[in-house]
Amino acid sequence: MTRLAPTPGRLTTIAALLATSLCGAMPALAASDIVISQVYGGGGNSGATFKNDFIELFNRGSAPVTLTNWSVQYASTGGSSWQVTPIPAVTLQPGQYYLVQEAAGTGGTTSLEPDTIGTIPMSGSGAKVALVSSNTALASATPSGGALVDLVGWGSAGHYEGSAAAGGTANTTAALRNDEGCADTDDNRADFTIAAPTPRNRQSAPRVCGAPNERPIVLQCPTVLGVARGYAGSADLTATDADSIVTGAVITAGAVPGISLSGFTAAGEIGGSAAVRLDVASNVALGSYPVTVRFDNDAAQQASCTINVTVQALPAITNTIPQIQGGGAQSPFKDTVQTTEGIVTAKVASGFFLQDPTGDGDPATSDGLYVYSSTAGSSVAVGQRVRITGSITEFTPSGASRSYTEMQNITNSVVLSSGHQVTPTNVTLPNARLDQVEAMLVRFTSPLTISQNAYLGARGELTLSNGRLELPTNRYAPGTPEAVAMAAANAINRIVLDDGLTVTPTVIPYIGDGPTVRTGDLVHDLTGVVDYAALGGGGAGFKLQPTVAPTITRDNPREDAPGLPAGNVKVASANVLNFFTTFTNGSNVAGQTGQGCKVGNSTSAGNCRGADNLNEFTRQRDKIVAELKAIDADVVGLMEIQNNGDYAAGYLADSLNAAYGAPVYSVVPQPADTGTDAIRVAMLYKPAKVALVGTALSDSDAVNNRPPMAQTFRAPNGGRFSLIVNHLKSKGSCPSGGGAEADNGDGQSCWNATRVLQAKRLVDVFVPQVQAASGDQDVLVIGDMNSYGMEDPIRTITAKGFVNQLERFVRPAGVPYSYVFGHESGYLDHALASAALSPQVAGVAEWHVNADEPEVIDYNTDGKPQDLYNALPYRASDHDPVVISLALQASFADVTASLKQVISGATLNRATQLFNGTITLTNQSAATLAGPLQVVLGGLPAGVTLANARGRKDGAPYVTVATASGGLAPGASVVVPVSFSNPGKVGLAYTAAIYSGNF
């Protein structure tokens, strides 16, 4: 659907986006006021609140519209196959919403209240949804006209209304039509905002477009408040209004002596929360009392809720909490109704934790129980003794290998007394039996290390362990007993610190100065209750809901770019995390619209990665420039840069030069083949520090969709080396079924067989080609190999004599790592030197500027509860750069002192008009001088040139003298012919300096 505009010249002035132009042909739509107002595909995914995907419709017109034989239809971003959910005949009033539930995932905590139900599994990041006045499936990837009523493309969709697709979504975000569904400029990018999903159905408050938009008062009231005769009880009621201030609350029906409101607090501002407590005295008689409470605001609006207060006899305890928990994997009272009693130790968004204060003395049975009920939770407080009745269930989170005993469907909850305390149970990590303290209040007796912070922004989670967790195949070969044992040890050495919420936090917790909280920092005095739930990134595990604010110390402080032992060439390997000058919204850095990115033979905005728009790109660029400028390498190998010729690499070089205020970097011209992927590898270099030798090479073999790139460089002392930049196939997007490419459980994840083939091709074919072309054996292999330190592809390379420089230089001082994933650290980014080059490596270091930083501080703007961005280099990428110092041996040596020189006179050859002479060199030393010899002539008179010069060194001409294969032996001589152009026929005088080797 996109047309490519001409590629702009590099470093054109970055202007504001040009006036919107259409991207390809605008889809023709049937006339209707019914629009798609919201799409959400993250339902039931990791981190999602809602269990199902959904599509929301809205009547933005001023008259009722009847939908007969209509449908919503779904296709992938580039797909032409449409799945259909029919809509039953329905009439939507002006401002009325309609909710279509689609497929469920395995996670999520909240069910929808749909108007109709379909089964379409929708993408969590981007796709196409159409509203069609027919139940017949659309038949094109780019439908238009006919029965097509409305179309929304989002994320990387290749078909959409207007200039570009709506932004990409995640598991916790949806695409919502602006102005609550009223906005419709026929431009998906302009009409939709990416925000938290807000499903609305036919019962939701209507939003009549064009009418004054008075938001209703929104209430949170329990439907039932159970109280035991002779005991007081209470429940919290709250009310908010998005455009007014809630000012009062009153009981309007059902009031009896002993039932009253207390502690009303008005909202402090528009949109703020008002609160009141419904109190039931201990002397209220047995019975049921429906109590209606009305809230008022300053706009003369009202809203009411009814709470059914039930006063009944105090139920007898059927079993204690330890008895309910039992000593087995599941409760012996699963699927039964039980009454138990305990002290409230913690409250979270979806319920509270209850603990028997004395327990049963059996370490195999937990003394705690989680009560899953936000309604019951609103009527209790920490420190209260509560007797409660409900159903015992075993909750198994998505991806879990075990269940978690909890109570739900609460029918009675009675506060017996207050002011109690429970002594935390001391625990440590590693711990193979955290299930024995599930739902209990615990205290970790020693500091814990933060091992992962990737889901801090999205879920408020930090993974903690006793010491940093190293990925087993980073240290040991896959499948070895050592790797298996390390994996088992890691599995029992972690717990996830949570924030007590089941949704994305509005204020990011645990952030310190920087703003950051780094992997490797320490958490002290950790006290809380042990939970078990789904985790960010998938799977499930034990979590700690803190009851005391943890103390976090910066034990892994940010550091400046690494200082290395001095060499003569500094090399860096940097993954720049999808640095694209063409954005996912179809615009580019020059302000053009209707642009796209190429993958194979396909060009579309849907192929683009990285920044969604110019604002995000500028933020991304500034972080990357800050990182690379701080490293200040002479040669930089880049991964994940847009495959658009040398344009993106050139833009980055120009941006770096602007930061330096001088033309410091140039781009190594791309090789003949840069592959078929949207990203490629590239190189930058400093012409003042190194010179290119020959042209760049790449390996276009079919195994490489991102071909490795090689370039030979020469240092000022003549030393040469060849750099090969790589980006092997990723571990993600696993194939279905088994086989060599599947995740076979040995720690290497998917596509390992392909990576091994790429590694074999590299060392068996491409490296020898590079060495032959350069005439030099010094080769440095760098890049994102998507393989940890001891995995098969790396061992394939080291088996050919390459030396792993991170193991050589970094391992002796600690764990080498450049990436954090799945709670563990390892290095995917490598420095592997050939046997000839390895002795010339002076030092290697990783700069932990990215992997230890939380993702929430990066350049992206989508779906963040807070914007903690700054232009410092931290979290410029998800990979840490690797820096290598080379002390390249000179390719020549000054042997002038070892040679006797006899310079003959010069005679004129009248035919050629050249003056010819000789220099006879005799080896006066006791050692053979290796050849070839380079004779550099200095002090030539003005106007005289050396006609047979091979080249110039430091501005002086030189000739090359071949010697016998063994060099110039002691006492041996060689005659060096020299020819001069001397038009002025001035007297010839010069000096000769002799070097052994090659310039």
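Keep in mind it's a predicted model, so treat the numbers as computed, not measured.

Scoring rules and cut-offs
Residues numbered from 1 in each chain as written. Predicted model: local features only at pLDDT ≥ 70, side-chain atom pairs only at ≥ 80, totals over all residues. Heavy atoms only, no water. Helix = DSSP H or I, 4+ residues; strand = E, 2+ residues; numbered from the N terminus. Buried < 20%, exposed > 50% of the residue type's maximum accessible area, 1.4 Å probe, protein only. Contact = heavy atoms within 4.5 Å. Areas by Shrake-Rupley, 256 points an atom, 1.4 Å probe, with all protein chains shown as cover. Disulfide = S-S within 2.5 Å. Pairing = 2+ DSSP bridges. Axes fitted to C-alpha atoms, helices over the stretch in contact; angles between N-to-C directions. 1 Å grid on protein atoms, 1.4 Å probe; cavity = no way out; pocket = protein on both sides within 12 Å on 5 of 7 lines; lining within 4 Å. Points joined across faces, edges and corners; volume = space filled by probe spheres on them. Phe/Tyr/Trp six-rings, centres within 6.5 Å; stacked < 30°, edge-to-face > 60°. Lys NZ or Arg CZ within 6 Å of the ring centre and 35° of its normal. Salt bridge = Lys/Arg side-chain N within 4 Å of Asp/Glu carboxyl O. Polar contact = N/O pair within 3.5 Å; in protein donor to acceptor, adjacent residues only side chain to side chain. Expected span 1.5 Å × (residues − 1). Bend = angle between axes of the 7 residues up to and from the residue. Arc of directions from axis to C-beta. Parallel < 35°, antiparallel > 145°, perpendicular 65-115°, else oblique. Left-handed = near helix turned anticlockwise from the far one by under 90°. pLDDT = per-residue confidence, 0-100.

Turning our attention to the overall build of the chain. The helix and strand tally for the chain stands at 11 helices and 60 strands. With respect to the three principal axes, the spread of C-alpha positions in the chain is 130 × 70 × 50 Å. Buried residues in the chain amount to 53% of all 999 residues. A fraction of 72% describes how many contacts in the chain between residues 6 or more apart in sequence connect residues 24 or more apart. Looking at the chain as shown, the accessible area adds up to about 37800 Å², and 52% of this sits on carbon and sulfur atoms.

Going through the model one piece at a time under the given rule, you end up with 4 disulfides. Disulfide pairing is shown between Cys182 and Cys209; the S-S distance is 2.0 Å. A torsion of -90 degrees about the S-S bond marks the disulfide between Cys182 and Cys209 as left-handed. Of this pair, Cys182 sits in the loop between strand S11 (174-177) and helix H1 (188-191) while Cys209 sits in the loop between strand S12 (192-195) and strand S13 (217-220), and the two are 27 residues apart along the sequence. We classify Cys182 as buried; its relative accessible area is 7%. Two residues share a disulfide in this structure: Cys597 and Cys608, whose sulfurs sit 2.0 Å from each other. Across the S-S bond linking Cys597 and Cys608, the dihedral sits near 100 degrees, which makes this disulfide right-handed. Residue Cys597 is found in strand S36 (residues 597-599), and its partner Cys608 is found in the loop between strand S37 (602-604) and helix H7 (614-631); the two are separated by 11 residues along the sequence. Neither residue differs from the other here; Cys597 and Cys608 are each classed as buried. Taken in N- to C-terminal order, the disulfide-linked cysteines of the chain are connected 1-2, 3-4, 5-6, 7-8.

Within a sheet, each strand pairs with its neighbour through backbone hydrogen bonds, oriented either parallel or antiparallel. Pairing is mixed in the open sheet, where 4 strands are placed in the order S14-S20-S19-S16. Edge positions in the sheet fall to strand S14 (224-228) and strand S16 (246-253), since each has one partner strand and no second. Across this sheet, the average inter-strand angle for adjacent strands is 25 degrees, counted without regard to direction. Examined bridge by bridge, S16 and strand S19 (residues 287-297) share 6 bridges and lie antiparallel to one another. Residue pairing in the sheet places Gly248 in a bridge with Asp296 of S19.

Before going further, it helps to examine empty space enclosed by the protein. One pass over the full model with this rule turns up 6 cavities of 30 Å³ or more. The volume enclosed by the largest cavity comes to roughly 60 Å³. In this structure, the largest cavity is lined by Gln452, Asn453, Ala454, Tyr455, Glu461, Leu462, Thr463, Val496, Leu535, Gly536 and His823.

As enumerated under the stated definition, the model contains 19 aromatic pairs in all. Considering the side-chain rings of Tyr685 and Phe713, the 6.1 Å spacing of their centres and the 50 degrees angle between planes classify their relative orientation as tilted. A residue pair is termed long-range when its members are at least 10 positions apart, and Tyr685 in strand S40 (residues 679-685) and Phe713 in strand S42 (residues 709-714) qualify at 28 residues. For Tyr685, a relative accessible area of 11% gives the class buried. By relative accessible area, Phe713 is classed as buried at 0%. Relative to Phe999, the ring of Phe892 lies with its centre 4.9 Å away and its plane at 85 degrees, an arrangement referred to as edge-to-face. With Phe892 in strand S51 (residues 892-894) and Phe999 in the segment after strand S60 (991-997), this residue pair connects regions lying 107 residues apart in the sequence. Taken together, the ring pairs in this structure connect Phe353, Tyr370, Tyr372, Tyr404, Tyr532 and Phe542 into an aromatic cluster. Over the face of the ring belonging to Tyr532 we find Arg402, whose NZ or CZ atom lies 4.9 Å from the ring centre. The cationic tip of Arg468 hangs over the ring face of Tyr817; the distance from NZ or CZ to the ring centre is 3.8 Å.

Strand S23 (residues 368-372) sits mainly inside the fold: 4 of its 5 residues count as buried. In terms of strand pairing, strand S22 (residues 351-355) meets S23 through 5 bridges, oriented antiparallel. Counted as the bridge partner of Phe352 is Val371 from S23. In the sheet, S23 pairs with strand S25 (residues 404-417) via 2 bridges, with the strands oriented parallel.

Here the focus is the pattern of salt bridges. For the structure shown, the criterion picks out 40 salt bridges. With a closest N to O distance of 2.6 Å, Asp632 and Lys686 form a salt bridge. Separated by 54 residues along the polypeptide, Asp632 in the loop between H7 and strand S38 (635-642) and Lys686 in the loop between S40 and strand S41 (691-698) bring together distant segments of the chain. Note on Asp632: relative accessible area 30%, which makes it partly exposed. With a shortest N-O distance of 2.7 Å, Lys864 and Asp858 are connected by a salt bridge.

Looking now at the side chain of Arg387. Its place among the elements puts Arg387 in strand S24 (residues 385-395). Taking the relative accessible area as the measure of exposure, Arg387 reaches 15% and is therefore buried. Separated by 2.8 Å, the side chains of Arg387 and Glu341 make a polar contact. With sequence-adjacent residues up to four places away left out, Arg387 is seen in contact with Leu314, Pro315, Ala316, Ile317, Thr339, Thr340, Glu341, Asn412, Ser413, Val414 and Leu416.

Okay, helix H9 (residues 752-774) next. The end-to-end C-alpha distance of H9 is 31 Å, a good match for the 33 Å that 23 residues give at a rise of 1.5 Å each. At Leu762, H9 shows its maximal bend, which comes to roughly 40 degrees. A positive backbone phi angle near 70 degrees is found at Gly775, which sits one or two residues after H9.

Strand order in the open sheet made by the 6 strands is S41-S42-S43-S44-S48-S45, with mixed pairing throughout. Two strands in the sheet have a free side with no partner beyond their single neighbour: S41 and strand S45 (803-804). Here strand S44 (residues 779-784) runs beside strand S48 (residues 829-833); their pairing, made up of 5 bridges, is antiparallel. Its bridge partner being in S48, Ile782 is matched across the sheet by Ala831. This element, H9, spans S41, S42, strand S43 (720-727) and S44 of the sheet and lies at about 150 degrees to S43.

Our next topic: unusual backbone geometry. Residue Pro430 is bonded to the preceding Leu429 through a cis peptide linkage, with omega at 0 degrees. If you trace the backbone, Pro430 turns up in the loop between strand S26 (425-427) and strand S27 (441-444). Here the bond from Gly514 into Pro515 is cis, since omega is -10 degrees, no more than 30 degrees from zero. Of note, Pro515 is situated in the loop between strand S30 (495-497) and strand S31 (522-524). Even without glycine at this site, Asn69 takes up a positive phi of about 60 degrees. By secondary structure assignment, the location of Asn69 is in the loop between strand S3 (65-67) and strand S4 (70-75).

In this section: the environment of Asp673. Relative to the helices and strands, Asp673 is located in the loop between strand S39 (666-667) and S40. Among the residues examined, Asp673 registers a relative accessible area of 26% and is labelled partly exposed. In this structure, Asp673 is in contact with Ser698, Ser700 and Pro707, ignoring residues within four places of it in sequence.

Because the α-helix completes a turn every 3.6 residues, residues three or four places apart line up on one side. Restricting attention to buried positions, one finds in helix H6 (residues 481-491) the residues Ala483, Met486 and Asn490. Projected down its long axis, H6 shows its buried positions confined to an angular sector of 65 degrees, all on one face. Residues of H6 that are exposed and angled more than 90 degrees away from the buried face: Pro481 and Val484.

We now examine the packing of H7 against helix H8 (residues 647-660). At a closest axis distance of 10 Å, the pairing of H7 and H8 adopts a crossing angle of 65 degrees. Here H8 runs roughly perpendicular to H7, going by the angle between their axes. Like other packed secondary-structure pairs, H7 and H8 cross with a definite hand, here right-handed. Residues Phe617, Arg621, Ile624, Val625, Leu628 and Lys629 of H7 lie in contact with H8, whose contacting residues are Tyr651, Leu652, Ser655, Leu656, Ala659 and Tyr660.

With that out of the way, let us pick up the confidence of the model for the chain. Mean pLDDT over the chain works out to 92, with 97% of the residues at or above the 70 mark. Confidence drops under a pLDDT of 50 for residues 1-25, and excluding neighbours within four residues, the segment shows 56 contacts in the predicted structure.

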